[in-house]
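Analysis of the macromolecular model
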Amino acid sequence: MAAAATTAPADQSAVAAQGVNPWLIAASVMLATFMEVLDTAIASVALPYIAGSLSATNDEATWVLTSYLVANAIILPASNWFSLRFGRKRFLMTCVFIFTVSSFACGAAPTLAFMLFARVIQGAGGGALQPLSQSILLESFPPAKRGAAMAVFAFGVVVAPVLGPTLGGWLTDTYSWRYAFYINIPVGALALYMINRFIHDPPYIKQAAKKLGAFDNIGFATLIIWTGCLQVVLDKGQEVDWFGTVWVRWAVFAFVAAFTAFVWRSWNCKYALVDLKVLKDRNFLLGSILIFMFGIGIYSTVTVLPLFYQELLGYTAFTAGLVVAPRGLGAICGMPVIGYLSNKVDPRYLLTFGFLTFGLTTLYFGSITLGVSPTTLFLPILITGFGLSFVFVPISTAAYGTLKNEQIGNASGVFNLMRNIGGSIGISIATTLLTRRSAVHQNEILDSSPGVTTPGAVQSAQHALNGFYGHANSLAPAQATLYQQLIQQASLWSFVDVFRWLSMLCFACVIIVWFFKKVKPGKGPAGAH
């Protein structure tokens, strides 16, 4: 499929970096991003421990994740306005400080209510870290080196969710769930020092406050409503049977109304909180769609594979984390390769390779059985991580390649919001499929294997258990054993369904990739803003 070519803007990286080595800037912003993404993954592993320690049910403890994600999603697209109003460096340092202090508060929380309050503050502080870090990184490197720079940024965004379950399981099993939050304190302190030392605001940031319009109260209010409603519905929908519950129907109605108002306002208002007209750029629009689908894929896989090992094979959280850790190793191995190739190979070829690799490995996961050992999936998991590194970096370089530096801050908020919402939708779809398809497969197994429920099958199981329970007491254990086997097989097939669905999603992404315009290097010297 042929695609038209477009020209990238002129190189203005020297103005943004202001004499600082851009790799020091990359290390500074990567630390903040890695800390924020890692915390989300670690907290999900620690939930059962948090519930037990704070005398809460598992359902109540899930609000620890929901409260954070809602606050995070609200601040994320609005981060550009705040950075222009207060200065990007000052705002970034404030966010890192808030995130670090609230992490200590989360670790020291005596009650669930205090924990939820601290998580909201932490989510608000962490929401701006990813878009601000990405925009600073992209502006500090010339277009020819942005692929290598994004490979460093991808270490935080792609590797952190993979390492999170392993590190979280080790901390909670060895020490306490509180250390899953305390670990952010030294990282946050180091990030604050490096940001203060190496990052400076470019001229257009310093001049923007004079031209910035009044705060868009209506846009911010609609943003709060639609992101909050969407996140709560996605997190709690399966637990309350989705549209079978009245409050879910009202929440979806509020989401649709607020989202429609937000889009209309952001498109038509001169001083909108989020400028959605950046989506007129074809490459950025396609990049946003692909990063949304990528969010669905990576977060679903990161969630589902450890669940398979824990629920069906009986692994602990730490052991399950170790088994899936090769994905992080594969991603780390892929980062230098993609950093080298990103400026030499058309991003469309790299994206095609990445999505095909991801799709084929998830399709292979669809052939798993209950007889797998800890090392059976080592190579496919490793290859999955390697393939993921060929997705995130080319998407970012292709999406931002035709935007001016002044547009990158706003675009980064939209881009990262799409990935986060995709992740939330992916996790919600995966958990719903696991539950609903398991029930379907139970009925299908019973229909196709009627002998499982016959008296003869029960008597065979009862005879096998006579030596353990005695003839008089072995009937109930025999029935329970047969039912447990039925549940295991049905759950296994539901995991297979999820993996096959993910592979189809990846193959669809391959088609979308080829609608990107090829980006030609920009001409002319770097200019001041």
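Residues numbered from 1 in each chain as written. Predicted model: local features only at pLDDT ≥ 70, side-chain atom pairs only at ≥ 80, totals over all residues. Heavy atoms only, no water.

**Considerations on the overall build of the chain**
Helices and strands together make up the secondary structure of the chain, namely 21 helices and two strands. A globule of 529 residues ought to have a C-alpha radius of gyration of about 24 Å, and the chain, at 24 Å, matches this closely. With the C-alpha coordinates of the chain rotated into their principal frame, the extents come out at 90 × 55 × 45 Å. Per-residue burial over the chain gives 55% buried out of 529 residues. In the chain, the share of contacts with a sequence separation of at least 24, taken over all contacts with a separation of at least 6, comes to 85%. Averaging the locations of the 31 positively and 20 negatively charged side chains of the chain gives two centres separated by 15 Å. (Helix = DSSP H or I, 4+ residues; strand = E, 2+ residues; numbered from the N terminus. Rg over C-alpha atoms; globule rule 2.2 N^0.38 Å. Buried < 20%, exposed > 50% of the residue type's maximum accessible area, 1.4 Å probe, protein only. Contact = heavy atoms within 4.5 Å. Lys, Arg positive; Asp, Glu negative; His and termini not counted. Charge placed at Lys NZ, Arg CZ, Asp CG, Glu CD.)

**Points about the environment of A51**
Tracing the chain through its elements places A51 in helix α2 (residues 22-53). When the C-alpha atoms of A51 and A61 are compared, they prove to be 5.4 Å apart, with ten residues separating the residues in sequence.

**Examining the environment of D39**
If you trace the backbone, D39 turns up in helix α2. Residue D39 is classed as buried on the basis of its relative accessible area of 0%. With 142 residues separating them along the chain, D39 and F181 place their C-alpha atoms 7.2 Å apart. Not counting residues within four places of it along the chain, the set of residues in contact with D39 comprises F99, R119, Q122, A180, F181 and N184. Polar side-chain contacts of D39 include one of 3.4 Å to the side chain of Q122. (Polar contact = N/O pair within 3.5 Å; in protein donor to acceptor, adjacent residues only side chain to side chain.)

**Re the pattern of salt bridges**
Per the stated rule, a full pass over the model turns up six salt bridges. Note that R88 and E139 form a salt bridge whose closest N and O atoms lie 3.0 Å from each other. On the criterion of sequence distance, the pair formed by R88 in helix α5 (residues 88-107) and E139 in helix α7 (residues 129-140) is long-range, its members being 51 residues apart. (Salt bridge = Lys/Arg side-chain N within 4 Å of Asp/Glu carboxyl O.)

**A word on the nonpolar core**
With 95 residues, the main nonpolar core has V96, V158, F284, F294, F355, F392 and I395 as its most contacted residues. What V96 contacts, discounting residues up to four positions off in sequence, is A32, M35, L129, G188, A191, L192 and I195. (Core = buried A, V, L, I, M, F, W, Y, C linked by side-chain atoms within 4.5 Å.)

**Details of the packing of aromatic side chains**
A full pass over the atoms with the stated rule returns 28 aromatic pairs. Ring plane angle 90 degrees and centroid distance 5.5 Å describe the contact between W81 and F82, whose orientation is recorded as edge-to-face. Ring geometry for W170 against Y175: centres 5.5 Å apart, planes inclined by 85 degrees, an arrangement best described as edge-to-face. Judged by its relative accessible area of 36%, W170 falls in the partly exposed class. An aromatic cluster of three or more residues is present, and its members are W81, F82, F86, F91, F215 and F220. Sitting over the ring of Y340, K344 keeps its end group 4.4 Å from the ring centre. (Phe/Tyr/Trp six-rings, centres within 6.5 Å; stacked < 30°, edge-to-face > 60°. Lys NZ or Arg CZ within 6 Å of the ring centre and 35° of its normal.)

**So, the layout of surface pockets**
Think of a ball as big as a water molecule: rolled over the atoms, this probe shows where empty space is left. Each pocket or cavity is described by its volume, and for the second largest pocket that value is around 690 Å³. Lining the second largest pocket we find 24 residues, and of these N80, L84, L212, D275 and E406 sit closest to its centre. Those elements giving two or more residues to the lining of the second largest pocket turn out to be α4 (63-86), α11 (203-211), α13 (246-268) and α19 (405-448). (1 Å grid on protein atoms, 1.4 Å probe; cavity = no way out; pocket = protein on both sides within 12 Å on 5 of 7 lines; lining within 4 Å. Points joined across faces, edges and corners; volume = space filled by probe spheres on them.)

**What to know about the environment of L286**
With respect to the helices, strands and loops of the structure, L286 is situated in helix α14 (residues 282-312). Residues L286 and I395, 109 residues apart in the sequence, show an inter-C-alpha distance of 8.9 Å. Discounting residues that sit within four places of it in the chain, L286 has contacts with I512, F515 and F516.

**A short note on α14**
Here α14 contains 31 residues, and its C-alpha end-to-end distance of 44 Å stays within 8% of the 45 Å for a straight helix at 1.5 Å per residue. The buried count for α14 comes to 22 of 31 residues, which makes it a mostly enclosed element. N-capping of α14 is provided by D281, with a side-chain oxygen placed 3.2 Å from the backbone N of N283. Two residues or fewer past α14, G314 is found with a positive phi of approximately 75 degrees. (Expected span 1.5 Å × (residues − 1).)

**Overview of helix α16 (residues 326-341)**
For α16, spanning 16 residues, the distance from its first C-alpha to its last is 23 Å, which sits close to the expected 22 Å at 1.5 Å a residue. G334 marks the point of greatest bend in α16, at about 30 degrees, and the proline P336 comes within the next four residues. Every buried residue of α16 is accounted for by P326, R327, G328, G330, A331, G334, M335, I338 and G339. The inward-facing, buried residues of α16 abut α8 (146-174), α14, α15 (317-324), α17 (347-365) and α18 (378-400). (Bend = angle between axes of the 7 residues up to and from the residue.)

**Things to note about the side chain of Q134**
Tracing the chain through its elements places Q134 in helix α7. Residue contacts for Q134: discarding those within four places in its chain leaves M150, F153, F392, S396, Y400, S412, F415 and N416.

**A look at unusual backbone geometry**
The phi dihedral of S55 is positive, around 55 degrees, even though this residue is not glycine. Within the secondary structure, S55 sits in the loop between α2 and α3 (58-61). A relative accessible area of 70% places S55 in the exposed class. A positive phi angle is found at W242, which is not glycine, with a value near 50 degrees. Along the polypeptide, W242 turns up in the loop between α12 (217-236) and α13. With relative accessibility at 17%, the residue W242 sits in the buried group.

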